[in-house]
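Residue-level structural notes
Each chain is listed here by its residues.
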Amino acid sequence: MRIAVCPGSFDPATNGHIDIIERSALLFDRVIVAVSNNLSKQPMFSIEERMALLSKACEDIPNVEVDSFSGLLIDFAKQKKATAIIKGLRAVSDFEYELQMALMNRKLQPDIETVFMMTNSKYSYLSSSLVKEVARLGGCIKGLVPEPIEEEILKRLR
Ligand code: PNS
């Protein structure tokens, strides 16, 4: 059984995240979406809310489950018997930091591979923080996040 971990802050998940999760689910037997509980800044959504929103968005993908982690990602991945960590890459600007983390994670745990997946071009400009900023300033975020997440963001800002 090939198990992959798909980590992130997911505050909240965007359609770019969901696209990567869906494509990962085609490549691995089991995909564990791992919501980070180590956020340094104040999140818009609590860990429980981020997990619930992701679970709803992924409910139709049978081999995807949502979990949370604190501490080192690589320790969580090992505990889950994952062989891969999946990261989405949007642009060259993502690359440098992601390469650094991939190499550090390999140093810590050589038998877990980081797999980079290229973003779907239609979501390449998306980020959770930009979506929140646009919504906060009254812009339209339709089509950028799953509908229930759009509703939750708007509710929070009302
Ligand atoms: O969605 P994000 O904010 O880009 O996700 C980043 C995340 C949570 C995947 C990354 O910061 C991470 O792996 N944090 C866990 C702590 C850890 O393992 N740090 C060492 C990385 S080499």
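Source: prediction; values computed, not measured.

1. Things to note about the site of the ligand
Residues in close proximity to the ligand include Pro7, Gly8, Ser9, Ser36, Asn38, Phe69, Gly71, Leu72, Leu73, Met101, Met104 and Asn105, which together make up its full environment. Contact distances for the ligand include 2.5 Å between an oxygen atom and a side-chain N or O atom of Ser9. Contact with the protein chains covers 70% of the free accessible surface of the ligand, which is 560 Å². Among the residues forming the shell around the ligand, the class breakdown is six nonpolar, six polar and no charged.

2. Remarks on the layout of surface pockets
Considered as a void within the structure, the largest pocket measures approximately 1300 Å³ in volume. Lining the largest pocket are 40 residues, and of these Pro7, Gly8, Ser9, Lys87 and Glu98 sit closest to its centre. Those elements giving two or more residues to the lining of the largest pocket turn out to be β1 (3-8), α1 (15-27), β4 (84-89), α4 (92-108) and α5 (128-136).

3. A short note on unusual backbone geometry
Cis peptide bonds are those with omega within 30 degrees of zero, and the linkage from Asp11 to Pro12 qualifies with -5°. You will see that Phe10, though not glycine, has its phi angle at about 50°, which is positive. Tracing the backbone through its elements, the reader meets Phe10 in the loop between β1 and α1. Using a relative accessible area of 4% as the deciding quantity, one classes Phe10 as buried. With a phi close to 60°, Lys81 is a non-glycine residue in the positive phi region.

4. A short note on the pattern of salt bridges
For the structure on display, the rule yields twelve salt bridges. In this structure, Glu65 and Arg30 form a salt bridge, with 2.8 Å as the shortest nitrogen-oxygen distance. Of the two residues, Glu65 sits in strand β3 (residues 64-69) while Arg30 sits in strand β2 (residues 30-36), which places them 35 residues apart along the sequence. What makes Glu65 partly exposed here is its relative accessible area of 29%. Across the pair Lys142 and Glu150 runs a salt bridge whose closest N-O atoms are separated by 3.4 Å. On the basis of relative accessibility, which here comes to 56%, the residue Lys142 falls in the exposed class. Residues participating in the shared-partner salt-bridge network are Glu49, Glu152, Lys155 and Arg156.

5. Focus: the sheet that holds β4
Ordered by their spatial adjacency, five strands build an open sheet running β3-β2-β1-β4-β5, and the pairing between neighbours is parallel. The outermost strands of the open sheet, each flanked by one partner alone, are β3 and β5 (113-118). Adjacent strand axes in the sheet meet at a mean angle of 30°, parallel and antiparallel pairs treated alike. Pairing of β4 with β5, which is carried by six bridges, proceeds in the parallel orientation. Residue Gly88 lies in a different strand from β5, and its bridge partner there is Met117. Sheet strands in contact with α1 are β1, β2, β3, β4 and β5, and its direction is about 125° off that of β5.

6. Some points on α5
Within α5 the residues assigned to the buried category are Ser128, Val131, Lys132 and Ala135. Angular distribution of buried residues about the axis of α5 spans 100°; they occupy a single face of the element. Buried residues along α5 sit in contact with α1 and α6 (147-157).

7. Some thoughts on the packing of helix α2 (residues 47-57) against α6
Interaxial distance between α2 and α6 falls to 9 Å at its minimum, and their mutual angle equals 150°. Regarding the angle of α2 to α6, the classification is roughly antiparallel. Packed against α2, whose contacting residues are Glu49, Leu53 and Lys56, the element α6 presents Pro148, Ile149, Glu152 and Arg156 at the interface. For the contact of α2 with α6, a count of residues per class yields three nonpolar, no polar and four charged.

Basis of the calculations
- The residue numbers shown here count from 1 along each chain, following its written sequence.
- The model is predicted, so local features are restricted to residues of pLDDT at least 70 and side-chain atom pairs to those at 80 or more, both for listing and for counting; the totals for chains, interfaces and linings are taken over all residues.
- The basis for every side-chain value is the complete set of non-hydrogen atoms in the structure, without hydrogens or water.
- Consider each residue's heavy atoms; a residue with any of them within 4 Å of a molecule or strand counts as near.
- Whenever a nitrogen or oxygen atom comes within 3.5 Å of another N or O atom, the pair is scored as a polar contact, on the condition that within protein one atom can donate a hydrogen and the other can accept it, and that pairs from neighbouring residues in sequence are kept only if both atoms are in side chains.
- Areas reported here follow the Shrake-Rupley algorithm with a probe of radius 1.4 Å; residue values treat only the protein chains shown as occluding.
- Basically, the charged four are Asp, Glu, Lys and Arg, the nonpolar ten are Ala, Val, Leu, Ile, Met, Phe, Trp, Tyr, Cys and Pro, and anything else, Gly included, counts as polar.
- Whether a set of points on the 1 Å grid over the protein atoms alone is a cavity depends on a 1.4 Å probe fitting there but being unable to get out, while an open set qualifies as a pocket with protein on both sides within 12 Å along at least five of seven lines; lining residues are those with an atom within 4 Å of a point.
- Grid points are joined across faces, edges and corners, and a volume is the space filled by probe spheres set on the points.
- Comment: elements are numbered from the N terminus, with helices defined as DSSP H or I runs of at least four residues and strands as E runs of at least two.
- Accessibility here uses a 1.4 Å probe with only protein chains present; expressed as a share of the type maximum, an area under 20% marks a residue as buried, one over 50% as exposed, and anything in between as partly exposed.
- Between Lys or Arg on one side and Asp or Glu on the other, a salt bridge is scored when a side-chain nitrogen of the former is within 4 Å of a carboxyl oxygen of the latter.
- The pairing criterion for strands is at least two bridges between them, as found by DSSP.
- All axes here are fitted lines through C-alpha atoms, helices being fitted over the stretch that makes contact, and every angle between N-to-C directions spans 0 to 180 degrees.
- Note on contacts: a residue pair qualifies if any of its non-hydrogen atoms lie within 4.5 Å across the two residues.
- To be clear, the arc concerns the directions from the helix axis to the C-beta atoms.
- Each angle is binned into one of four classes, with values under 35 degrees roughly parallel, values over 145 roughly antiparallel, values of 65 to 115 roughly perpendicular, and all other values oblique.

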